[in-house]
Amino acid sequence: MNQSLHTLNRSWYRVIGLLALCALAGCAITRPIDAGDPSPRLSSCPPLPNCVSTEASTFLHRVSPFELIVSADDAWPVVKRAVAAMPRTTIVVERPGYLFAKCHSAVFHFVDYLEVLSIPEKGTLAVRSSSLLGISDLGVNYFRVKRLREELKKQGVIK
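Everything quoted here is computed from the prediction, not taken from an experiment.

Quick look at the overall build of the protein chain now. Looking only at helices and strands, the protein chain features 3 helices and 6 strands. Put simply, the protein chain runs from its N terminus to its C terminus through helices and strands in the order α-β-β-α-β-β-β-β-α. Carbon and sulfur atoms form 61% of the exposed surface of the protein chain, whose accessible area is close to 9,700 Å².

Pasting the structure below:
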């Protein structure tokens, strides 16, 4: 009897711990960059496998940079069209050289955030895609960024 009560308590601690981790993951909400920020940077990825970024330093989150082969001014309209054309994606904030979009999954309509920041002095685009909630995204954000890269290559904007 005492052993089964001990096992039940351990199970409850695991459930509470898992719920706390999920709540913390929800606190890692991406917010758009402020318009007046003098040196804008994309948000960093949380320590969960549900985010990818060209600015990440960890292997788990890092994707290679988007290197422009045209000027940032010429590339930006193409970038905006490519993001707007992605399935179930809505651009929420768009300023010159920056956009913030919400992407919804097909089945459960989970929300992911996609950000693109033009860095003209480096000739690159910084890109970040992250889930709003959850621990794993099963590679959804990685494949979203990969599709965006392929489209921009096809359009002759990046290497």
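With that settled, consider the confidence of the model for the protein chain. Mean pLDDT over the protein chain works out to 85, with 77% of the residues at or above the 70 mark. The secondary structure element of the protein chain with the lowest average pLDDT is helix H1 (residues 2–26), at 52, and the one with the highest is strand S2 (residues 66–67), at 98. Overall, residues 18–28 carries pLDDT values under 50, and its contacts beyond four positions in sequence, including any with other chains, amount to 8 contacts.

Two cysteines whose sulfur atoms are joined by a covalent bond form what is called a disulfide. In this structure the tally under the stated criterion is 1 disulfide. Through a disulfide, Cys45 is tied to Cys51; the S-S separation comes to 2.1 Å. The sign of the -65 degrees torsion about the S-S bond sets the Cys45-Cys51 disulfide as left-handed. The buried category is assigned to Cys51, whose relative accessible area is 2%.

Bringing a nonpolar patch on the surface into the picture now. Together, Val107, Phe108 and Phe110 give the surface a local cluster of nonpolar side chains, amounting to about 390 Å² of exposed area. Turning to its location among the elements, Phe108 is positioned in the loop between strand S4 (98–104) and strand S5 (111–119). On the basis of relative accessible area, Phe108 is assigned to the exposed category, the value being 63%.

Extensive coverage of S5 is indicated by the burial of 8 of its 9 residues. Pairing geometry for S4 and S5, over 7 bridges, is antiparallel. When the bridges of S5 are listed, Phe100 appears paired with Glu115. Hairpin connection from S4 to S5: 6 residues lie between these consecutive antiparallel strands, with His109 at a positive phi of about 60 degrees. In this sheet, strand S6 (residues 124–131) lies alongside S5 in antiparallel orientation, the contact comprising 8 bridges. Its bridge partner lying in S6, Ser118 is registered against Leu125. Where S5 folds back onto S6 in an antiparallel hairpin, the turn is made up of 4 residues, including Gly123, whose phi is positive at roughly 70 degrees.

Now for unusual backbone geometry. Of note in the backbone geometry, Arg88 takes a positive phi value of approximately 55 degrees without being a glycine. We classify Arg88 as partly exposed; its relative accessible area is 46%. Of note in the backbone geometry, Leu138 takes a positive phi value of approximately 55 degrees without being a glycine. For Leu138, the position within the fold is in the loop between S6 and helix H3 (140–154).

Counted under the stated rule, the structure contains 6 salt bridges. With its nearest N and O atoms 3.1 Å apart, the salt bridge here joins Asp112 to Arg144. Here Asp112 is found in strand S5, whereas its partner Arg144 is found in helix H3, with 32 residues between them in sequence. Of the two residues, Asp112 and Arg144, neither departs from the other in class, the shared state being buried.

Rules and cut-offs
- Residues numbered from 1 in each chain as written.
- Predicted model: local features only at pLDDT ≥ 70, side-chain atom pairs only at ≥ 80, totals over all residues.
- Heavy atoms only, no water.
- Helix = DSSP H or I, 4+ residues; strand = E, 2+ residues; numbered from the N terminus.
- Areas by Shrake-Rupley, 256 points an atom, 1.4 Å probe, with all protein chains shown as cover.
- pLDDT = per-residue confidence, 0-100.
- Contact = heavy atoms within 4.5 Å.
- Disulfide = S-S within 2.5 Å.
- Buried < 20%, exposed > 50% of the residue type's maximum accessible area, 1.4 Å probe, protein only.
- Patch = residues over 30% accessible without salt bridge, like charges linked within 9 Å, V, L, I, M, F, W, Y side chains within 5 Å.
- Salt bridge = Lys/Arg side-chain N within 4 Å of Asp/Glu carboxyl O.
- Pairing = 2+ DSSP bridges.

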